[in-house]
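# Remarks on the overall topology
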Amino acid sequence: DVSSPKHGKVDPGNMPHVGGNMWAGGTGGRDTAGLGGKGGPYRLDAGHRVYQVSQAEKDAVPEEVKRAAREMGEKAFKRRLKEIQMSEYDASTYERFSGAVRRQVQSLRIILDNLQ
């Protein structure tokens, strides 16, 4: 069961963590920032293979936990914008331009990685 969203502990060795309720950047878990889990406040990619919980499990998260996770995610987003000296308007403008060329940038990254 999910209880309350949190960032989670940071693993200094960046080991992959699957499931559970402890590690930031894990996958398929609950309550912590990561990928493929349920009830976490925001997505956090630590570079590991993603294990996805079912949509039914995600849909079963209580509304108060979803609301708390959204609020925590929004606060983290605003804090990050402040750190990089960017307004919400700047972020939406950046996302609009970035989204328009996302596929091309990804293709270029693949080509460059293969050349290396």
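Heads up: the structure comes first, above all this text.
Source: prediction; values computed, not measured.

### Digging into the environment of Val-61
Position of Val-61 among the secondary structure elements: in the loop between helix 1 (55-59) and helix 2 (63-83). What makes Val-61 buried here is its relative accessible area of 8%. Distance in space between the C-alpha atoms of Val-61 and Asp-45 is 21 Å, their sequence separation being 16 residues.

### A word on the environment of Arg-70
The residue Arg-70 is located in helix 2 in this model. In this structure, the C-alpha to C-alpha distance between Arg-70 and Gln-116, residues 46 residues apart in sequence, is 40 Å.

### A few points about helix 2
In this model helix 2 runs 30 Å from its N-terminal to its C-terminal C-alpha over 21 residues, within 8% of the 30 Å that 1.5 Å per residue would give. Taken as a whole, helix 2 has its buried residues at Val-65, Ala-69, Gly-73, Ala-76 and Leu-81. Summarising the axial view, the buried residues of helix 2 lie within an arc of 140°, below the 170-degree limit, and thus occupy one face. For helix 2, the exposed residues set more than 90 degrees away from the buried face come down to Glu-64, Lys-75, Arg-79 and Lys-82.

### Details of a nonpolar patch on the surface
On the surface, a cluster of nonpolar side chains totalling about 420 Å² of accessible area is made up of Leu-108, Ile-111, Leu-112 and Leu-115. With respect to the helices, strands and loops of the structure, Leu-112 is situated in helix 3 (residues 88-115).

Parameters at a glance
Residues numbered from 1 in each chain as written. Predicted model: local features only at pLDDT ≥ 70, side-chain atom pairs only at ≥ 80, totals over all residues. Heavy atoms only, no water. Helix = DSSP H or I, 4+ residues; strand = E, 2+ residues; numbered from the N terminus. Buried < 20%, exposed > 50% of the residue type's maximum accessible area, 1.4 Å probe, protein only. Expected span 1.5 Å × (residues − 1). Arc of directions from axis to C-beta. Patch = residues over 30% accessible without salt bridge, like charges linked within 9 Å, V, L, I, M, F, W, Y side chains within 5 Å. Areas by Shrake-Rupley, 256 points an atom, 1.4 Å probe, with all protein chains shown as cover. Salt bridge = Lys/Arg side-chain N within 4 Å of Asp/Glu carboxyl O.

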